Structures are given as C-alpha cells and as structure tokens.
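Letter by letter, the chains look like this.
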Amino acid sequence: MAQAQLTIDLDAIRGNWRALAAMNAGETGAVVKADAYGLGASRVAPALADAGARTFFVAQAEEGASLRHALGPGPRICVYGGHMEGDAALLRDADLVPMLNSIDQMLRHVEALPGHAFGIQLDSGMNRLGMEPAEWAALRDIALRQRPVLVMSHLACADEPGHGMNEFQLRTFRQMTDGIDAPRSLAATGGTLLGAEYHFEMTRPGIGLYGGLPFVDAAPVAALTVPVIQVRDVDPGESVGYGNAWVARVPSRIATISAGYADGIIRAMGPKANVWANETRCRIVGRISMDLIGIDVGALREVPDRVELLGPHQSIDALADAAGTIGYEILTALGARYRRHYIGG
Ligand SMILES: *Cc1c(COP(=O)(O)O)cnc(C)c1O
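Figured I'd write up the structure that's included with this text.

Cut-offs used in this document
- Residues numbered from 1 in each chain as written.
- Predicted model: local features only at pLDDT ≥ 70, side-chain atom pairs only at ≥ 80, totals over all residues.
- Heavy atoms only, no water.
- Helix = DSSP H or I, 4+ residues; strand = E, 2+ residues; numbered from the N terminus.
- Buried < 20%, exposed > 50% of the residue type's maximum accessible area, 1.4 Å probe, protein only.
- Contact = heavy atoms within 4.5 Å.
- Polar contact = N/O pair within 3.5 Å; in protein donor to acceptor, adjacent residues only side chain to side chain.
- Phe/Tyr/Trp six-rings, centres within 6.5 Å; stacked < 30°, edge-to-face > 60°.
- Pairing = 2+ DSSP bridges.
- Axes fitted to C-alpha atoms, helices over the stretch in contact; angles between N-to-C directions.
- Parallel < 35°, antiparallel > 145°, perpendicular 65-115°, else oblique.
- Left-handed = near helix turned anticlockwise from the far one by under 90°.
- Nonpolar A, V, L, I, M, F, W, Y, C, P; charged D, E, K, R; others polar.

1. Structural notes on the overall build of the chain
- When helices and strands are tallied, the chain shows 11 helices and 19 strands.
- For the chain, the spread of C-alpha atoms along the principal axes amounts to about 75 × 40 × 35 Å.
- Counting only residues that meet the buried cut, the chain has 52% of its 345 residues in that class.
- Looking at the chain alone, contacts between residues at least 24 apart form 62% of all its contacts between residues at least 6 apart.

2. A look at the side chain of T7
- For T7, the position within the fold is in strand 1 (residues 5–9).
- Here the side chain of T7 touches Q5 through a polar contact of 3.4 Å, side chain to side chain.
- Leave out the neighbours within four places in its chain, and T7 touches V221, A222, A223, H341 and I343.

3. Some thoughts on the packing of aromatic side chains
- Using the criterion set out here, one finds four aromatic pairs in the structure.
- Between the aromatic rings of Y37 and Y210, the centroid separation amounts to 4.8 Å while the plane-to-plane angle is 40°, which identifies the pairing as tilted. With Y37 in helix 2 (residues 33–37) and Y210 in the loop between strand 10 (202–203) and strand 11 (222–234), this residue pair connects regions lying 173 residues apart in the sequence. Just as Y37 is buried, Y210 falls in that class too.

4. Considering the pairing of strand 17 (residues 293–296)
- Of the strand pairs in this sheet, strand 14 (residues 252–257) and strand 17 are connected by four bridges, and their pairing is antiparallel. Bridge pairing in strand 17 links I254 to D296.
- Alignment of strand 16 (residues 280–285) against strand 17, held across two bridges, turns out to be antiparallel. Among the inter-strand pairings, I284 is bridged to a residue of strand 17, identified as I295.

5. Section: the packing of helix 7 (residues 133–145) against helix 8 (residues 164–177)
- Remark: helix 7 packs on helix 8, axes separated minimally by 10 Å, with the N-to-C direction vectors making an angle of 20°. On the basis of their axis angle, the class for helix 7 and helix 8 is roughly parallel. In terms of crossing hand, the pair formed by helix 7 and helix 8 is right-handed. For the pair formed by helix 7 and helix 8, the contact residues are P133, W136 and R140 on the first element and Q175, M176 and T177 on the second.
- The class makeup of the residues in the contact of helix 7 with helix 8 is three nonpolar, two polar and one charged.

Structural data, given as structure tokens:
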C-alpha cells in the first residue's frame, strides 16, 4: 500500500480543550471551521462535545449545516460569516447562529428570520469582519433589545503577547461593549494565553485544540507516516527529481516516499524540510513532486517501511517553518488522499 497514514489523536484534542478551558473562568467554545482545521469535523466535533464543549464556531453556514448533522441537536453552532444572501433556510433548518457583521446583515436577518437567535461581530481594529464603532453606535440599542446570544470581536496580533495592538483592541472592544448584558468574547487561542482580561464570558480557541502554536503546551494531535516505495544508489554527478535540482556530490542512497504537494506537502519547503526514519533525520532531496518525495537515507543502516513527516520528531509548526508558513496552513492543507486513522474515538 502506497497510501500515507494520517493519525488524529482525539484524546489529545480533548486534553487540549480541557487545558485551555482550565485557564479561563468563562465558557470555552471550540472553533471547527474548515473541517476542524482539516482534521475532520465530523469526528473532532463530537469528541470536543464529549469533553464538554457546548458552543462551536464555523466560518460559513454550509459548514454549520454539516456540523449540525455530526453533532445533533443541542450544541450551539455560530457562523462567523454572519447571515449572507441565501442563508436563511440553512440557518433555520440547522439551527445556526449567525454572527452579524453589518447593518445590512442585521436587516436581512430580522426580515428573513424574525426571532431567530443571532450574535454580533464587532471590528475592534483588524478590519476584517464586524461592525465598525460608528456602525455599532447607530445600531447598538436596537440590536441589544433583540438579545444577541454573543457579542464578539477578534484580535489581529494575539500570537505576539507584547504587541501594542492587543491592548488597543481590548480597549476598543471595551469601549464598544462595556455595560451591555450580552455575553462577550474576544479571545481565540492566542487571546486565551494573554490572560484573564481578554477572556470575557467566552473564549474561542481553534489552533490550540489541534496542537499548534501559540499554545506551546499543546499535546500534538496529527501524525503523518509515509511509505517508502523504492530505494536506490546514486553516483556522484547524478541528479534526483524534476529540474535536476539536486545533484549527488558523493555516493548517495535515496529513498522515494509516497506523498507530495498534492497531499499538502508544500513544494516550497523542500530544501529545508526533513523526514524522520525512527530516530534518524533524513533530508529531503530534489523537488517535491505531486505524489513523491526523495529523501537521503545514507545515514541509515536499514531503511524502514515508513517514515515520519509529522509526529513526535517534527511538529506542524516545525514543518511550517520549513515552508515559511504557519501550522494552520500545514493542517488545513493536509490532503484527502491519506488513510485517516482516529485514535481515542
Ligand atoms: C479562526 C478564528 C478563531 C480561532 O483562532 P485560533 O487562532 O485558531 O485559535 C477564533 N475566532 C475567529 C473570528 C476566527 O476566525
């Protein structure tokens, strides 16, 4: 079998959720957008519900509808994208709570689904989603009379604790919401780690649940092992892979493993990334192909059947560093071709 195996540790996800929940006096939600950061929301979300999560967040109403199918009735599902044109039936049928981002969305919502629960997203400085201070000032009394279930905003720089933007956004959010009755939320994973002033009544961690920075104490969740298809000796002067990008300077042993950029192994990470053969680090040589990667196994006495691309020796953030990206992108890029194995189900 040439299929690589992605192992997803649901116990680790539950443990990460509990650890983040323990830092926080209020409620701890769970962000499961983008199919739970690529790890499979239909398995991950029920595991989080088991651990005690009662409020889930997704980006789009369509994601919310499939999440409702996985979770059944009960847990609250909030949609960051708010109430878009054409969403009313999905929001109603799947019992989803849109986080309304603008006066237009507010009007659309009360017209299409009067009495249906909603939340409010405010822009406290990121300029991505949410009502701006002036817009909110105009709408605030009317909106609050309809009892939003949550009033939230999002931090732009929470992964940098010393960044002045954090205090600026905290101050702005407070100015916009101090004195209201509705529960408030500002913190995702990074904000949870910034401390109690950032927590309000609800935190909304995502990446920390899945083992990523900035939650340095997170238990690793994803492990990826890739079969070795073939091993060959390469003489000095011979090249490996597309474009002859790597040329042997000494007699070399090269193994070809069965994963590539179609599986989310970002092509640009090639020259900096490693794989692990048990306890030995092996460099990637040559260009990463769509389905295949060459690795230097010269240091091994015996080439194992499978090598580790993610796991105890190489975290999602280490792999992200090699690609010049972040753990979030590594996870959400992991492809559909892996055999997915869930432990702790
Ligand atoms: C993605 C997202 C989160 C979760 O962020 P993490 O950094 O993954 O914890 C929380 N809130 C909003 C609005 C988001 O878009």
